[in-house]
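Chain residues, written in single-letter form:
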Amino acid sequence: MFLLGVLAARLNLEFRGDPERKITGLASLASAGPAQLSFISTGKYLPQLLQASAGAVIVSLELADQCPVDYLISDDPYRSFALASQLFDNAPKPGPGIHASATVSPESEVHPSAALGPNTVIESGAYIGPNVILDAGVYIGRDSRVGEGSRIFPGTVLYHDVYIGENCLIQGQAVLGSDGFGYAPGVTGWEKICQLGGVRVGDRVEIGAGATIDRGALEHTIIEDGVIIDNQVHIAHNCSIGKNTAIAACCAVAGSTKIGANCTFGGMVGVAGHIEICDNAHFNGKTMVTKSVSEPGSYSSGTALMRSQDWRKSAVRFSQLDSMHRRLTALEKK
């Protein structure tokens, strides 16, 4: 619980209203009650604002005069609401200590302030930094490192030689450092190429549930500071992801691809291997990136939603495009 005046100070926002008003939680603009904080980031929701009964609302200066309840003024209400959510975070956080069922190598280093949950495994040469939280069933492989303030949720696996920076969040069942998909064809079948690199993850990185980040074949796979990766994303061996890039669910990035900073990838984007993508490139959902991108901007591929009957007709016409092009070219020549 925060008094409104204290909450405004913590968020570094100007406010109007009762500084002693108690704010006990967050809620949507339509459902927030007298003890809850909400926000409005666009005029699209102005009708809800006019009907609001929240204890307080985070608003832009342009909408402040139309707010019927106490309010906090922000240049970016959505970001301010995100910061407020961190103040009200209710995720359970265990205190420091090592659970009796954990297996910790005597040749590892675990900081006294770290929390190791049930059935965690820490291999030889691993380092667990200050205030790290490892939830139940987390495996930390040989010579891997987890930096200060990071949290790893249940069932996550870090293979050997995987470095996690400071203040990272890795959701449950993620796998970092698994072998890349490297094979050479031979007379009797495929010959495995042993993956000799590791994984290096920067600071303030978030990795979603079930995500997989392969280790490098010779050099490291690199995830730079501030990257956010959604659930079920696959990053193949030797990829490099630039600072503050965001990758939504079910994307797949093939090996040795270099992605710049501040890029965004919508859901189910596929990226071919051995290409380079510049900074500030943005890809809409289900885009297939087949070649390097050197110009910042927004990119799309695939086709938009249409009725099934129309789609079937269009699918037939797709197969006719080449012959239509040839006939058109011939007519233009005549």
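Residues numbered from 1 in each chain as written. Predicted model: local features only at pLDDT ≥ 70, side-chain atom pairs only at ≥ 80, totals over all residues. Heavy atoms only, no water.

Peer 1: Looking at this structure, I do not really get the layout of surface pockets. What am I missing?
Peer 2: In this structure, the largest pocket occupies an estimated 710 Å³ of space. Lining the largest pocket are 21 residues, and of these Gln86, Asp89, Asn167, Leu169 and Glu206 lie nearest its centre. A total of 5 residues in the lining of the largest pocket trace back to one element, the largest contributor, which is helix α4 (residues 77-87). Its residues assigned to classes, the lining of the largest pocket shows 8 nonpolar, 7 polar and 6 charged. Around the second largest pocket, the lining residues are Phe283, Thr287, Met288, Val289, Thr290, Lys291, Ser292, Val293, Tyr299, Ser300 and Ser301. Of the residues contributing to the lining of the second largest pocket, the split by class is 5 nonpolar, 5 polar and 1 charged. (1 Å grid on protein atoms, 1.4 Å probe; cavity = no way out; pocket = protein on both sides within 12 Å on 5 of 7 lines; lining within 4 Å. Points joined across faces, edges and corners; volume = space filled by probe spheres on them. Helix = DSSP H or I, 4+ residues; strand = E, 2+ residues; numbered from the N terminus. Nonpolar A, V, L, I, M, F, W, Y, C, P; charged D, E, K, R; others polar.)

Peer 1: Can you walk me through a nonpolar patch on the surface in this structure?
Peer 2: On the surface, Met306, Trp311, Phe318, Leu321 and Met324 cluster together to form a nonpolar patch covering roughly 460 Å² of accessible area. Among the secondary structure elements, Leu321 is positioned in helix α5 (residues 308-333). Relative accessible area serves as the criterion here: at 48%, Leu321 is assigned to the partly exposed category. (Patch = residues over 30% accessible without salt bridge, like charges linked within 9 Å, V, L, I, M, F, W, Y side chains within 5 Å. Areas by Shrake-Rupley, 256 points an atom, 1.4 Å probe, with all protein chains shown as cover. Salt bridge = Lys/Arg side-chain N within 4 Å of Asp/Glu carboxyl O. Buried < 20%, exposed > 50% of the residue type's maximum accessible area, 1.4 Å probe, protein only.)

Peer 1: I tried to follow the packing of aromatic side chains on my own but got confused; where do I start?
Peer 2: The full count for this structure, using the stated rule, is 7 aromatic pairs. Aromatic pair Phe283 and Tyr299: ring centres 5.6 Å apart, planes at 25°, arrangement stacked. Of this pair, Phe283 sits in strand β37 (residues 281-283) while Tyr299 sits in strand β39 (residues 297-299), placing them 16 residues apart in sequence. For Tyr299, a relative accessible area of 27% corresponds to the partly exposed category. An aromatic cluster is built from Phe39, Tyr78 and Phe81, whose rings are joined through pairwise contacts. For the cation-ring pair, Arg200 lies above Tyr163, with the distance from its terminal atom to the ring centre recorded as 3.7 Å. (Phe/Tyr/Trp six-rings, centres within 6.5 Å; stacked < 30°, edge-to-face > 60°. Lys NZ or Arg CZ within 6 Å of the ring centre and 35° of its normal.)

Peer 1: Looking at this structure, I do not really get the nonpolar core. What am I missing?
Peer 2: Generally speaking, a soluble globular protein has its nonpolar side chains buried in company with each other. If you look at the biggest cluster of nonpolar residues, it comprises 46 residues, and the most contacted ones within it are Ile140, Leu176, Phe265 and Ile277. Breaking this core down by element, the ones donating at least two residues are β19 (162-164), β24 (199-201) and β37. Apart from residues lying up to four places away in sequence, Ile277 is in contact with Lys258, Ile259, Gly260, Cys263, Phe265, Val271, Phe283, Val289 and Val293. Of all hydrophobic cores here, the second largest spans 16 residues; its members include Ile40, Ala52, Val57 and Val69. (Core = buried A, V, L, I, M, F, W, Y, C linked by side-chain atoms within 4.5 Å. Contact = heavy atoms within 4.5 Å.)

Peer 1: Teacher, can you tell me more about the environment of Ala35 here?
Peer 2: With respect to the element layout, Ala35 can be found in the loop between β4 (25-26) and β5 (36-39). Relative accessible area serves as the criterion here: at 28%, Ala35 is assigned to the partly exposed category. Residues Ala35 and Gly55 lie 20 residues apart in sequence; the distance between their C-alpha atoms is 4.9 Å. Beyond its immediate chain neighbours, meaning those up to four positions away, Ala35 contacts Lys22, Ile23, Thr24, Gly25 and Gly55.

Peer 1: It is not clear to me how the pairing of strand β6 (residues 56-59) should be interpreted in this structure. Could you clarify?
Peer 2: Across a regular strand the side chains alternate sides, sitting on one face of the sheet and then on the other. Burial along β6 is two-sided: Ala56 and Ile58 facing one way and Val57 and Val59 facing the other are all buried. The pairing of β5 with β6 spans 3 bridges and is parallel. What sits directly across from Phe39, in β6, is Ile58. Both β6 and strand β7 (residues 70-73) contribute to a ladder of 4 bridges, which runs parallel. Within the sheet, the bridge partner assigned to Ala56 lies in β7 and is Asp70. (Pairing = 2+ DSSP bridges.)

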